[in-house]
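Given next are the chains, with one letter for each unit.
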Amino acid sequence: MAEVLPKKTVLKDVKVFKDLEEEIIKANKCCACGACVAYCSSQTFDVIKMDGYTPQFISDANIENCKECGVCYYICPQTEPLMKHLKEDYRIKDEIGFIQNIIAAKTKDEKIKEMGQDGGLVTTLLTYLFDKNKIDAAIVSEYDEKLKPIPKIIYNKEELLKSSGTRYSISSNILPLTNLYTIAQEIAEKHHQIYDINQIRMAFVGTPCQCRAIRKMQLLNISPAHVIKYVFGLFCMENFDYEKLFQLVKKETNEDPTNIAKMNIKKNFFITNKENKVYEVELHKFDDAVRNHCHDCDEFTGRFADISFGGSGAVQQNSMVVIRTEKGEALINNALMAGYIDKFTPKKSTITEWKAKKIDLLRRMTNNKINKS
Ligand SMILES: Cc1cc2nc3c(=O)[nH]c(=O)nc-3n(C[C@H](O)[C@H](O)[C@H](O)COP(=O)(O)OP(=O)(O)OC[C@H]3O[C@@H](n4cnc5c(N)ncnc54)[C@H](O)[C@@H]3O)c2cc1C
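The rules behind each value
- Residues numbered from 1 in each chain as written.
- Predicted model: local features only at pLDDT ≥ 70, side-chain atom pairs only at ≥ 80, totals over all residues.
- Heavy atoms only, no water.
- Near = heavy atom within 4 Å.
- Polar contact = N/O pair within 3.5 Å; in protein donor to acceptor, adjacent residues only side chain to side chain.
- Areas by Shrake-Rupley, 256 points an atom, 1.4 Å probe, with all protein chains shown as cover.
- Helix = DSSP H or I, 4+ residues; strand = E, 2+ residues; numbered from the N terminus.
- Nonpolar A, V, L, I, M, F, W, Y, C, P; charged D, E, K, R; others polar.
- Core = buried A, V, L, I, M, F, W, Y, C linked by side-chain atoms within 4.5 Å.
- Buried < 20%, exposed > 50% of the residue type's maximum accessible area, 1.4 Å probe, protein only.
- Contact = heavy atoms within 4.5 Å.
- Domains from an automatic or database assignment.
- Buried area = accessible area lost by both parts, 1.4 Å probe.
- Salt bridge = Lys/Arg side-chain N within 4 Å of Asp/Glu carboxyl O.
- Pairing = 2+ DSSP bridges.
- Axes fitted to C-alpha atoms, helices over the stretch in contact; angles between N-to-C directions.
- Parallel < 35°, antiparallel > 145°, perpendicular 65-115°, else oblique.
- Phe/Tyr/Trp six-rings, centres within 6.5 Å; stacked < 30°, edge-to-face > 60°.
- Lys NZ or Arg CZ within 6 Å of the ring centre and 35° of its normal.

A. Focus on the site of the ligand. Within the structure, the ligand sits among 33 residues, and Asp118, Gly120, Thr123, Thr166 and Ser312 are positioned closest to it. Take serine 163: an N or O atom from its main chain is 2.8 Å from an oxygen atom of the ligand. Taking asparagine 173, its side chain carries an N or O atom lying 3.5 Å from a nitrogen atom of the ligand. Protein burial of the ligand: of its 910 Å² of free accessible surface, 97% is covered by the chains. Only α6 (121-131), β4 (137-143) and β11 (307-310) provide two or more residues apiece to the shell around the ligand. For the shell around the ligand, the leading source of residues is α6, giving three residues. The class makeup of the residues in the shell around the ligand is eleven nonpolar, 19 polar and three charged.

B. Quick look at the nonpolar core. Ranked by internal contacts, the top residues of the largest apolar core, which has 74 residues, are Ile174, Ile200, Met202, Leu245 and Phe269. The biggest single contributor to this core is helix α2 (residues 35-42), with six residues. Sequence-distant contacts of isoleucine 174, that is, excluding residues within four places in its chain, are made with Cys33, Gly34, Ala35, Ala38, Phe204, Gln210, Ala213, Ile214 and Met217. Counting 27 residues, the second largest nonpolar core, distinct from the first, contains Ile135, Leu160, Val321 and Ile323.

C. Region of interest: the domain arrangement of the protein. Segmenting the protein into domains produces domain 1 (17-76), domain 2 (86-239 + 291-372) and domain 3 (242-286). The centre of domain 2, based on its C-alpha atoms, is set 24 Å off from the matching centre of domain 3. Between domain 2 and domain 3, the contact holds 14 residues from the first and 14 residues from the second. The contact between domain 2 and domain 3 buries some 1,100 Å² in all, and 54% of this surface belongs to carbon and sulfur atoms. Counting across the interface, domain 2 meets domain 3 through one salt bridge. Note that aspartate 118 is salt-bridged to lysine 266, the shortest N-O span being 2.9 Å. Considered class by class, the residues forming the side of domain 2 that touches domain 3 number four nonpolar, five polar and five charged.

D. Examining the sheet that holds β4 more closely. Pairing within the open sheet is mixed, and its eight strands lie in the order β5-β4-β6-β7-β11-β12-β3-β13. Sheet topology places β5 (149-154) and β13 (341-343) at the edges, where each strand pairs with a single neighbour. On average, each strand axis in the sheet is tilted by 30 degrees relative to the strand beside it, whichever way the strands run. Together, β3 (101-107), β4, β5, β6 (202-206), β7 (228-234), β11, β12 (319-323) and β13 form the strand contacts of α6, whose direction differs from that of β7 by roughly 170 degrees.

E. View of the packing of α6 against helix α11 (residues 326-337). Relative to each other, α6 and α11 sit at 85 degrees, their axes nearing to 11 Å. Taken together, the axis directions place α6 and α11 in an arrangement best described as roughly perpendicular. Across the interface between the two elements, Leu121, Leu125, Tyr128 and Leu129 of α6 pack against Leu331, Ile332, Asn334 and Ala335 of α11.

F. Main features of the sheet that holds strand β8 (residues 260-266). Read from one edge of the open sheet, three strands run β8-β9-β10, paired in antiparallel fashion. Among the strands making up the open sheet, the edge pair consists of β8 and β10 (278-281). Averaged over all neighbouring strand pairs, the angle between strand axes comes to 20 degrees, with direction disregarded. Against the sheet, helix α9 (residues 242-253) contacts β8, β9 (268-273) and β10, and its axis sits at roughly 95 degrees relative to β8.

G. Structural detail: the packing of aromatic side chains. Counting across every chain of the model gives eleven aromatic pairs. With centroids separated by 5.0 Å and ring planes inclined at 80 degrees, the aromatic side chains of phenylalanine 17 and phenylalanine 57 adopt a geometry described as edge-to-face. Pair noted here: phenylalanine 17 is in helix α1 (residues 17-25) and phenylalanine 57 is in strand β2 (residues 54-57), with a separation of 40 residues, a long-range link. Each member of the pair, phenylalanine 17 as well as phenylalanine 57, is classed as buried. Through pairs of rings, three or more aromatic residues link up here, namely Tyr168, Phe240, Phe269 and Phe286. We note arginine 91 situated over the ring of phenylalanine 98; from NZ or CZ to the ring centre the distance is 3.9 Å. The ring centre of tyrosine 143 lies 4.4 Å from the NZ or CZ of arginine 167, which sits over that ring.

Here's what the structure looks like:
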């Protein structure tokens, strides 16, 4: 009979959840994406859970259930292993990453125009993907009644509108991938047919760190990220702790989250209440609410997405759209041809000059973020 080796003697260099706790979570570098918990729970290992923003052992009794496979450590967007391979795969040589094309564009849908953060591009492209039967579901973020972001799986375009707009605090968008069986069941009910988990086709919307985690999972070819067919990244200068942010919002505006209609950062923080009163507050007043992991982050434009989106650099009511992959380019071209979106045409400069200027701006903004850290 083969000798049973004590744990970690077989692959003694493999780092495991305890290492993740020490190096990332306790060191305040966790971005709360939920990748570690989603992977571990999807394998029904019964080891870790998310407690607010913190991944942790379910209880002391569950520590022994840890298989010490190390996957949680390697897929964490904040750890170094896999980054070299990932950068090679996504042709990333510098701070803004590979750019296949860059455009500014806006939705042609009047309702999305009203609700979207910038050009409503994310919501419109998801609508297109549902209409053309390219996806069965999408992971986005919604608000609860107190404006706390909650990750949400959407199964049809009619539910999308509620998710449009930016939530300036963490939404652990990878967590809903935990149970693919439930997702398959929902899709099966919609289509009145049996649906296997490996058939699921989803789009994912997230911040650059979240997109990085999805890509690390895909690099390892592990469930549940294999169901993600489109990755939409959001530009991100910084993200905020929900509790701290709304304490400061209350201090600066005297508004409760329940009376806030929209928030937007354009140099300063603009907070619009439900009576349409707009407060402009200097951004630095919210510095204490910025998540610690953002201080070390070297990504602004979402280098690992198929397409990344932001408001910076775009004329009003448009989104900047950075296309990274062939799949991303095909999607944008198809949505343009099908009349879902309008592309901005610069008047005062040539397209080549315009693109160069925008890339330069994004590079400067990324370096500002890196140097601020
Ligand atoms: C925390 C944060 C910081 C940002 N900082 C910048 C910045 O500094 N400069 C800049 O140019 N752009 C920034 N953006 C991106 C910008 O605010 C818009 O999201 C982007 O321009 C897309 O706009 P849209 O109108 O095309 O998208 P919409 O059609 O409005 O769709 C937005 C999508 O983003 C999802 N979403 C919203 N909040 C979150 C969240 N917290 N986590 C994950 N998904 C979410 C929504 O569910 C929706 O699917 C930031 C976004 C976030 C979430």
